2 protein chains.
Amino acid sequence: MKYSASALAGALAVLFPTLAQGAAPPTPSQIVAAAPAADWVDVAPENLLVMDLADGGRVAIELAPAFAPVHVANIRTLARARWFDDTSINRVQDNYVTQWGDPTERKQLSIGTVASPPAEYDRAVAGSGFQALPYRDAYAPKAGHAGGWPAASDGKAAWLVHCYGMVGAGRGMAPDTGTGAELYAVIGHGPRHLDRNIATVGRVLEGMDRLAALPRGTEALGFYARPEQRIGIGSIRLGSDMPAAERPAYQILRQGSPSFAAWVKARANRQDDFFIRPAGSADICNLQPPVRRKP
Amino acid sequence: MKYSASALAGALAVLFPTLAQGAAPPTPSQIVAAAPAADWVDVAPENLLVMDLADGGRVAIELAPAFAPVHVANIRTLARARWFDDTSINRVQDNYVTQWGDPTERKQLSIGTVASPPAEYDRAVAGSGFQALPYRDAYAPKAGHAGGWPAASDGKAAWLVHCYGMVGAGRGMAPDTGTGAELYAVIGHGPRHLDRNIATVGRVLEGMDRLAALPRGTEALGFYARPEQRIGIGSIRLGSDMPAAERPAYQILRQGSPSFAAWVKARANRQDDFFIRPAGSADICNLQPPVRRKP
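The structure presented is a predicted model; accordingly, all values stated were derived computationally and were not measured. (Residues numbered from 1 in each chain as written. Chains lettered and ligands numbered in written order. Predicted model: local features only at pLDDT ≥ 70, side-chain atom pairs only at ≥ 80, totals over all residues. Heavy atoms only, no water.)

### With respect to the interface of chain B and chain A
The line we're drawing: Contacts: residue pairs with any heavy atoms within 4.5 Å of one another. Two parts placed together each lose some accessible area; with a 1.4 Å probe, that loss summed over both constitutes the buried area. In what follows, salt bridge is the name for a side-chain nitrogen of Lys or Arg lying within 4 Å of a carboxyl oxygen of Asp or Glu.
Listed per partner, the contact involves 44 residues of chain B and 44 residues of chain A. Regarding the contact of chain B and chain A, the summed buried area is about 4,000 Å², with carbon and sulfur atoms giving 54% of it. It is Arg-136, His-189 and Phe-274 of chain B that lose the most area in chain B upon contact with chain A, and together they represent 19% of the buried surface on that side. At the junction of chain B and chain A, the tally comes to 2 salt bridges. Close ionic contact of Asp-122 of chain B with Arg-277 of chain A constitutes a salt bridge, the shortest N to O distance being 3.7 Å.

### Quick word on the domain arrangement of chain A
All names here are of chain A. Selection rule: In this entry, domain limits derive from an automatic or database-based domain assignment. Any N or O atom pair separated by 3.5 Å or less is treated as a polar contact, with the protein-specific requirement of one donor-capable and one acceptor-capable atom, and with residues adjacent in sequence counted only for side-chain atom pairs. Secondary structure elements follow DSSP: runs of H or I of four or more residues count as helices, runs of E of two or more count as strands, with numbering from the N terminus. Under the scheme applied here, ten amino acids are nonpolar (Ala, Val, Leu, Ile, Met, Phe, Trp, Tyr, Cys and Pro), four are charged (Asp, Glu, Lys and Arg), and all others, including Gly, are polar.
Segmenting chain A into domains produces domain 1 (5–40 + 254–293) and domain 2 (44–248). One C-alpha centre belongs to domain 1, the other to domain 2, and the line joining them spans 28 Å. Taken together, the 17 residues of domain 1 in the interface contact 24 residues of domain 2. Taken over both partners, the interface formed by domain 1 and domain 2 buries close to 1,500 Å², and the fraction arising from carbon and sulfur atoms is 59%. Inspection of the region where domain 1 meets domain 2 yields 1 salt bridge. The partner of Glu-206 in a salt bridge is Arg-293, and the shortest N-O contact between them spans 3.0 Å. Our enumeration of links across domain 1 and domain 2 arrives at 9 residue pairs in polar contact (both at pLDDT 80 or more). Sorting the residues of the side of domain 1 that touches domain 2 by element identifies α5 (258–268) and β16 (291–293) as the ones contributing at least two each. Per-element tally for the side of domain 1 that touches domain 2: the top contributor is α5, with 4 residues. Split by residue class, the side of domain 1 that touches domain 2 holds 9 nonpolar, 5 polar and 3 charged.

### Brief notes about the relation of the copies chain B and chain A
Note the threshold: Least-squares superposition aligns the copies on the C-alpha atoms of those residues with pLDDT at or above 70 in both.
After a rotation of 180 degrees and a shift along the axis of 0.0 Å, chain B superposes on chain A with an RMSD of 0.0 Å. Such a combination of rotation and displacement between the chain copies is what one expects of a two-fold axis.

### A word on the pairing of strand β2 (residues 48–53) of chain A
Residue and element names in this part refer to chain A. Applicable threshold: For the exposure calls, accessible area comes from a 1.4 Å probe over protein chains only, and a residue counts as buried if that area is under 20% of its type's maximum, exposed if over 50%, partly exposed in between. Between any two strands, at least two bridges found by DSSP are needed for them to pair.
Most of β2 sits out of view: 6 of its 6 residues are buried. Every second residue of β2 is oriented toward a common face, with Leu-48, Val-50 and Asp-52 on one face and Leu-49, Met-51 and Leu-53 on the other, all of them buried. Examined bridge by bridge, β2 and strand β3 (residues 58–63) share 5 bridges and lie antiparallel to one another. Within β3, the position partnered with Asp-52 by the bridge is Arg-58. Between β2 and the antiparallel strand that follows it, β3, lie 4 residues; Gly-56 among them carries a positive phi value of about 105 degrees. Across 5 bridges, β2 lies against strand β14 (residues 231–238) in antiparallel orientation. Each bridged residue has a counterpart across the sheet, and for Met-51 the counterpart in β14 is Ile-236.

Structure, rendered in structure tokens:
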């Protein structure tokens, strides 16, 4: 995926056939709003995790089995067993993560989960669908997208990157890799130093406005000082376990589609009335694929 | 500032003279905790802006006159006149900004402020104290620090970068540059595409945990739908206008000090027990100089 000028012109011609020569180019939002149905891909119900907070808030997460298959299998097993129900959000560390799970750390995990998953911190780039952006990255030789996910690569391996809203599996010290029973979402500037040091298992599709706005914990690492400060989790269900009528449905702008290429280019070269000097490039964490509720 | 291996070794020898060969190197936090008094620089009271929220929360901001002198002069004038008192936080957009000012946009600004400040979006790199990091940056030819601030440069100009906690002056469309009466703090992944498109006037020293945890507004751009949702600002005072006994005092780890060089290196090469694969580099927004309350 080169995002070349000619590819962009082609994409724009398809999306905005009446775009006048010399008129202001479409903004990223306009490109997303105009993307045809074929440029969107459904989030599979078996990759959808629906967390309903005790107070009624909802957080929807997409799992990434192509990058962390054993961790994702564990999370599916736990969700199917409704293991997460009545657990809580226990840690909110400013500019870092919101983390949830069993605060007692004593809840039985031997319900079909793998006790010590392998270190799914990266995978072979071959078969990952990785496509590099033409922009520099502070952390990796190449950053881009893989199968619709923000990713990076060194030419051999590919890995998901720690951007705002990405979900990882909490773990202790090496060689512990975490089971998937303790999950966190990034709520600050991408802590990319965690890349390849922890299993990144998914991304938040909806509800970041809630996870990121929770009161910060005052104990070390942002843990809440008192149990009553924790935010109760009513349930975490797998989308495929929910009745179809209840299940929320999401779509991701399809990597490689004309709209996606045009959106990347427009994000890196803001040209609406507000912007005076387009950057000409963008950080992968500012290029997370657009998500929408399926219309 | 090369952060060379020998400079690092020298800095570590100074800071940790008993560090055993082969022992785990100090973590970034340990380096900051061990930094001697000479490696810290005071925030000047005339550059300190103290915002007291109506509910008792406090946010402290350092102004950046070396980068936006006219905007900063305006902000000082407004704070001295207690112009901001009884205004409010009006906009909280997830993964973007928290913004405050006069919600009516009718409060008289003709109290000695410059109505249309120049476009202080960058400045000459000469004299800025810019020192490049040896790491790639997605947006600029070079990223690094300038006078203790996170910055970038193209070799001619230098500018402050939009990282978590940086403060900018809201503006309308060009050529309006904003007066400084409408301010915002970044609460998400650094929106670096704003660099050089808006006047960056300061940084939050304390209170980000509060600004970033506010409920997100549900109107376009995150504005609150109803006036009663706004968060009242009791007062915004200039530090130099506060009685010394009431004035909070902050220090920044001094750019160019041995501790600073060691801290940068350690942040880019995490080597405590948790990290398996140090990144070997870091994003400027993950290298914002450490701040502390003056002991």
